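Now for the letters of each chain:
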Amino acid sequence: MTEPLLVIRDLHVAPVADRELEILQGIDLTVDAGEVHAIMGPNGSGKTTLAYALMGHPAYVITSGEVRFKGMDLLALSADKRARAGLFLAFQYPAAVPGLSVASFLRTMLNARRQGLEKDPDVDPSDPTRGGISMGDFRRLVREKMQLLKMDEAVASRYVNDGFSGGEKKRLEMLQMAILQPEMAILDETDSGLDIDALRIVAEGVNAQLRPEMGVLLITHYQRLLNYIKPDVVHVLARGRIIATGGRELALRLEDEGYAGVLREAGYEVDASDSALDARAPEPVEVGA
Ligand SMILES: Nc1ncnc2c1ncn2[C@@H]1O[C@H](COP(=O)(O)OP(=O)(O)OP(=O)(O)O)[C@@H](O)[C@H]1O
Ligand SMILES: [Mg+2]
């Protein structure tokens, strides 16, 4: 029997700066190839911490638990190896890298991925005759994926995220994903900051990339994204734990009533601040993408 794509067992995570402060207090989650799992939860519940812990962010420490990815011990790998093995994170807040052009960033990234986890010495990604991609093929690939995401080609010569609008940053994250073709994609609030047209384009871009061998963890506050990208499973992450798991109806319920009901059912006390922490979408901004 083959192992599921991603298995998270009793994962506890704290910030390196304060190991006593457990942000994640025992996460269990299994994602099979071909599945989309949505993770919803109030602000500060630990969603981004989970994404960072899986990707190997140096500011977090795994205090206990286990993560297996494609049958490997994920936590034993450096962040770089996790990415080369096919794990991808689209950041909630993508960083700007002035001085590095989008085109060279994408090419370096693709080359690293093509070399694989163990850096196959017979593959020289910069040499088209040894498993690399030629400049012409690379340009065609980028152009094709940019068209899919309705991006302006001029973006390729700009510096990574430097002076980008919120929506442009999120599209660049999706462009990276389209080029890397990860096996497990974690999308951390890729819908935030997008107007309604851009949301549709990005969601279509994600749907076009779904493959039977790929899994997705879709972190979002808003049910509306799930109208476009249909999750197989919906989880609620609150107080550092997954407190509820269900189907799409769970997301619809959160949109209706916020998190208070689900928190109470899971045995948590709900205070006034929780009523503000709901899953309801703000009015969409009807402006050009
Ligand atoms: N490096 C850190 N050091 C100290 N506290 C941290 C650190 N990273 C996260 N936290 C705290 O852990 C909690 C969870 O943060 P996290 O960013 O994971 O929440 P989130 O669910 O992604 O929230 P949002 O919906 O606002 O994006 C917050 O209270 C946050 O302040
Ligand atoms: Mg977050």
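Model, not experiment: these values are computed from the prediction.

A word on unusual backbone geometry
Move 1: Phi is positive for aspartate 10, which is not a glycine, with a value near 45°.
Move 2: When you line up the elements, aspartate 10 lands in strand 1 (residues 6–15).
Move 3: For glutamine 181, which is not glycine, the phi dihedral falls at a positive 50°.

Concerning the sheet that holds strand 11 (residues 233–238)
Each strand in a sheet pairs with another by means of backbone hydrogen bonds, the pair being arranged parallel or else antiparallel.
Move 1: Ordered by their spatial adjacency, 6 strands build an open sheet running 6-9-10-3-11-12, and the pairing between neighbours is mixed. Among the strands making up the open sheet, the edge pair consists of strand 6 (87–90) and strand 12 (241–246). For this sheet the average axis-to-axis angle between neighbouring strands, irrespective of direction, equals 20°.
Move 2: Relative to strand 9 (residues 184–188), strand 6 runs parallel, the two sharing 4 bridges. Within strand 9, the position partnered with alanine 90 by the bridge is leucine 187.
Move 3: Docked against the sheet, helix 1 (residues 47–55) engages strand 3 (36–40), strand 6, strand 9, strand 10 (215–219) and strand 11, running at close to 145° with respect to strand 9.

Some thoughts on the pairing of strand 11
Move 1: For strand 11, a buried count of 5 out of 6 residues is recorded, marking the element as mostly surrounded by other parts of the structure.
Move 2: Inspection of the sheet shows strand 3 paired to strand 11 by 4 bridges, in the parallel sense. Across the sheet, residue methionine 40 finds its bridge partner in strand 11, namely valine 236.
Move 3: Note that strand 11 and strand 12 share 5 bridges and pair antiparallel. The residue bridging alanine 238 from the neighbouring strand is arginine 241, located in strand 12.
Move 4: Hairpin connection from strand 11 to strand 12: 2 residues lie between these consecutive antiparallel strands, with arginine 239 at a positive phi of about 55°.

Brief notes about the packing of helix 5 (residues 166–180) against helix 6 (residues 196–209)
Move 1: Look at helix 5 against helix 6: their axes get within 10 Å of each other, and the N-to-C directions meet at 10°. Looking at the two axes, helix 5 sits roughly parallel to helix 6. In this structure, helix 5 uses Gly167, Lys170, Arg171, Met174, Met177 and Ala178 to contact helix 6, whose residues at the interface are Ala198, Val202, Gly205, Val206 and Gln209.

Section: helix 5
Working note: α-helix, 3.6 residues per turn, so residues spaced by three or four point in the same direction.
Move 1: With 15 residues, helix 5 extends 22 Å between its outermost C-alpha atoms, agreeing within 8% with the 21 Å of an ideal straight helix rising 1.5 Å per residue.
Move 2: Every buried residue of helix 5 is listed here: Lys170, Arg171, Leu172, Glu173, Met174, Leu175, Gln176, Met177, Ala178 and Leu180.
Move 3: Positive backbone phi, approximately 50°, marks glutamine 181, located one or two places after helix 5.

Describing the packing of helix 3 (residues 102–115) against helix 5
Move 1: Between helix 3 and helix 5, whose axes approach to 10 Å, the crossing angle comes to 35°. Helix 5 is crossed by helix 3, and the crossing has right-handed handedness. For the pair formed by helix 3 and helix 5, the contact residues are Val102, Leu106, Met109, Leu110 and Arg113 on the first element and Leu172, Gln176, Ile179 and Leu180 on the second.

A short note on the site of ligand 1
Move 1: The environment of ligand 1 is made up of 13 residues, and the closest members are Pro15, Asn43, Lys47, Thr48 and Thr49.
Move 2: A per-element tally of the shell around ligand 1 places helix 1 first, with 3 residues.
Move 3: A per-class count over the shell around ligand 1 returns 4 nonpolar, 8 polar and 1 charged.

Concerning the sheet that holds strand 1
Move 1: Taken in spatial order, the 4 strands make up an open sheet running 2-1-4-5, and their pairing is antiparallel. Of all strands in the sheet, those bounded by a partner on one side alone are strand 2 (24–31) and strand 5 (72–73).
Move 2: For strand 4 (residues 60–69) and strand 5, the ladder comprises 2 bridges, and the chain directions are antiparallel. When the bridges of strand 5 are listed, arginine 68 appears paired with aspartate 73.

Conventions used here
Here the residue numbers are simple positions, counted from 1 along each chain's written sequence. Chains carry letters from A onward and ligands carry numbers from 1 onward, assigned in written order. Residues qualify for local features only when their pLDDT is at least 70, as the model is predicted, and side-chain atom pairs are given and counted only at 80 or more; totals for whole chains, interfaces and linings, by contrast, use all residues. Every helix listed is a DSSP run of H or I at least four residues long, and every strand listed is a run of E at least two residues long, numbered separately from the N terminus. A pair of strands is considered paired only if DSSP assigns at least 2 bridges between the two. Axis definition: a line fit to C-alpha positions, over the contact stretch in the case of helices; interaxial angles, taken between N-to-C directions, run 0 to 180 degrees. Once C-beta atoms are placed from the backbone, any two residues with those atoms within 7 Å are in contact. Counts of 20 or more other C-beta atoms within 10 Å of a residue's own C-beta define buried residues, counts of 12 or fewer define exposed ones, and intermediate counts define partly exposed ones; C-beta atoms are placed from the backbone. What sets the label is the angle itself: under 35 degrees gives roughly parallel, over 145 gives roughly antiparallel, 65 to 115 gives roughly perpendicular, and the rest give oblique. The span expected for a helix works out to 1.5 Å for each residue beyond the first. If you view the pair so one helix is near and one far, a crossing is left-handed when the near helix is turned anticlockwise from the far one by less than a right angle, and right-handed when it is turned clockwise. What makes a residue near a molecule or strand is its C-beta atom, placed from the backbone, lying within 6 Å of it. Residues are sorted three ways: Asp, Glu, Lys and Arg are charged, Ala, Val, Leu, Ile, Met, Phe, Trp, Tyr, Cys and Pro are nonpolar, and all the rest, Gly among them, are polar.

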